[in-house]
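Listed here are the chains, written in short residue letters.
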Amino acid sequence: MNFKEQATALENYIFEQRHWLHAHPELGTKEFKTTEHIAAELAAMGIEVQTFDDITGCVGTIKGAHHGKTVMLRADIDALPIQEENDCSFCSQNDGVMHACGHDCHTAMLLAAGKMLAAHKDELHGTVKLLFQMAEEIGTESRHYVEHGCLDDVDAIFGQHVWSLMDSGKVNIEDGERMACSDRFTINITGKSAPADKPQQGKDAVLAAAAVVMALQSIVSRVNDPNNTLVVTTGMMNGGSGEAAVADKAQLVGTVRTFNKAFRNGMPQLIEETAKKTAAVYGCEVTSTYFFGPAPLINEHCEINAIARNAAVKIMGEDALCHLDKMTGAEDFSVFMEKTKGVYGFIGVRNLAKGLNCVHHHPKFAVDEEQLKYGAAIYAQFAYDYLNSDVK
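Below you will find a few notes about this structure. If you're wondering where the values come from, they're calculated on a predicted model, not measured in any experiment. (Residues numbered from 1 in each chain as written. Predicted model: local features only at pLDDT ≥ 70, side-chain atom pairs only at ≥ 80, totals over all residues. Heavy atoms only, no water.)

## Quick look at the overall build of the protein
And step 1. Looking only at helices and strands, the protein has eleven helices and 15 strands in total.
And step 2. Taken over the C-alpha trace, the protein has a radius of gyration of 24 Å; the compact-globule value for 392 residues is 21 Å, and the two agree within 12%.
And step 3. Seen along its three principal axes, the alpha-carbon backbone of the protein occupies a region of about 80 × 45 × 45 Å.
And step 4. Looking at the protein residue by residue over its 392 residues, the buried ones come to 54%.
And step 5. A fraction of 82% describes how many contacts in the protein between residues 6 or more apart in sequence connect residues 24 or more apart. (Helix = DSSP H or I, 4+ residues; strand = E, 2+ residues; numbered from the N terminus. Rg over C-alpha atoms; globule rule 2.2 N^0.38 Å. Buried < 20%, exposed > 50% of the residue type's maximum accessible area, 1.4 Å probe, protein only. Contact = heavy atoms within 4.5 Å.)

## Quick notes on the sheet that holds strand S4 (residues 125–133)
And step 1. The seven strands are arranged S1-S2-S4-S3-S5-S15-S6 in an open sheet whose pairing can be described as mixed. Among the strands making up the open sheet, the edge pair consists of strand S1 (48–50) and strand S6 (171–172).
And step 2. When strand S3 (residues 66–76) meets strand S5 (residues 156–167), the two strands line up parallel, connected through four bridges. Residue pairing across strands places Leu73 opposite Phe158, the latter belonging to S5.
And step 3. In the packing of helix H4 (residues 103–119) onto the sheet, contacts are made with strand S2 (58–63), S3, S4 and S5, and the angle to S3 comes to roughly 160°. (Pairing = 2+ DSSP bridges. Axes fitted to C-alpha atoms, helices over the stretch in contact; angles between N-to-C directions.)

## A few points about the nonpolar core
And step 1. Counting residues in each nonpolar core, the largest one holds 64 residues, and the members touching the most others are Leu73, Val128, Phe132 and Phe382.
And step 2. The element best represented in this core is helix H11 (residues 372–387), accounting for eleven residues.
And step 3. Other than its neighbours up to four places away in sequence, Leu73 contacts Leu110, Leu117, Val128, Lys129, Leu130, Leu131, Phe158, Tyr379, Phe382 and Ala383.
And step 4. Ranked by size, the runner-up nonpolar core spans 23 residues in total, among them Ala135, Tyr145, Leu324 and Phe346. (Core = buried A, V, L, I, M, F, W, Y, C linked by side-chain atoms within 4.5 Å.)

## Remarks on the side chain of Glu26
And step 1. Mapped onto the elements, Glu26 comes out in the loop between helix H2 (11–23) and helix H3 (32–44).
And step 2. Of the side chains with opposite charge, Lys33 comes closest to the buried, unpaired Glu26, at an N-O distance of 6.2 Å.
And step 3. Polar side-chain contacts of Glu26 include one of 3.2 Å to the backbone nitrogen of Lys33.
And step 4. In this structure, Glu26 is in contact with Glu31, Phe32, Lys33, Thr34, Asp78, Ala79 and Val97, ignoring residues within four places of it in sequence. (Lys, Arg positive; Asp, Glu negative; His and termini not counted. Salt bridge = Lys/Arg side-chain N within 4 Å of Asp/Glu carboxyl O. Polar contact = N/O pair within 3.5 Å; in protein donor to acceptor, adjacent residues only side chain to side chain.)

## Digging into the pattern of salt bridges
And step 1. Within this structure, the stated rule accounts for 22 salt bridges.
And step 2. Note that Asp197 is salt-bridged to Lys198, the shortest N-O span being 3.4 Å.
And step 3. For Asp197, a relative accessible area of 58% puts it in the exposed group.
And step 4. Looking at Lys198, the relative accessible area reads 33%, which means it is partly exposed.
And step 5. Through salt bridges that share partners, Arg74, Asp76, Glu331 and Asp332 make up one connected network.

Next comes the structure, spelled out in structure tokens:
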């Protein structure tokens, strides 16, 4: 099965799909026209389509002629609240909304993969499910597809991301830690107001908040094992009512990034205890909340990882495989990997010779489109190879 050759033949289709999607971006949970478009494309391929009453996105199902396992391929479909600054024929037609992360590329690649796999369903030993997921940028909306039972029969799932920090012609599908969790904490500090010229009469919540910000870093440097990657960032501080009064309230909002699942589970208690003890020194009280966002994304199923790497080698060659450092950014594909075995990879789309060297989430984000056919072929090759393997 020469998926590279087939994907090359579909390159114009991939471009056509990517350009339509790029010109019609929609924000997370609002991808109504995007979902309608994808569903129509799948139906035209003869692929069974599942849509939902309460969420956007859809699932296409290709049932092979032979009994076997079920594999899922995933692409995210949402855009970002960014005003595009590119000058191209397919720029965003929706003010303030742009595909600035490459989700339009992922969707186009998966549509092409679906077209190839549907054309060869008589040769498939099992079932392929194509998940077009809403709202990846929000964080944990992928859980809705789990709650709807879309993964109940799935034995393995594969996802990939075009990557503007990696050169065209390169692909990364590595074992181990790839992306961190993305959790959020909120700390509310209550003190006592007083005139600014009589601070001894009050309990300064802003002063306590400043001390808490510093104290939280002791979790990173003195509680955490230095071998465990941990980031605790307080990104927002609000408090006080004016320059002439000691503040009676302050609020801190921040994020936690780590790969260690066990250590992560203890972070709510660590943050609250640290904040309470620190604020108490200033006579202030603390309440806190902790939101668990996407879990760490870890390629921990080596046999499945190997199938994905071998699929990439078949399409792009052994020299295409490269190292990519793990990242403290997050990806809600990890929610699926908590439900079933999975693997996640990256496709390089940086091309300095073409002037394509812009980071994700930037108004001028652009990709080397010639790499998209390889992503489509890798999707299809992984599904085909996994279904024909003994790996469960």
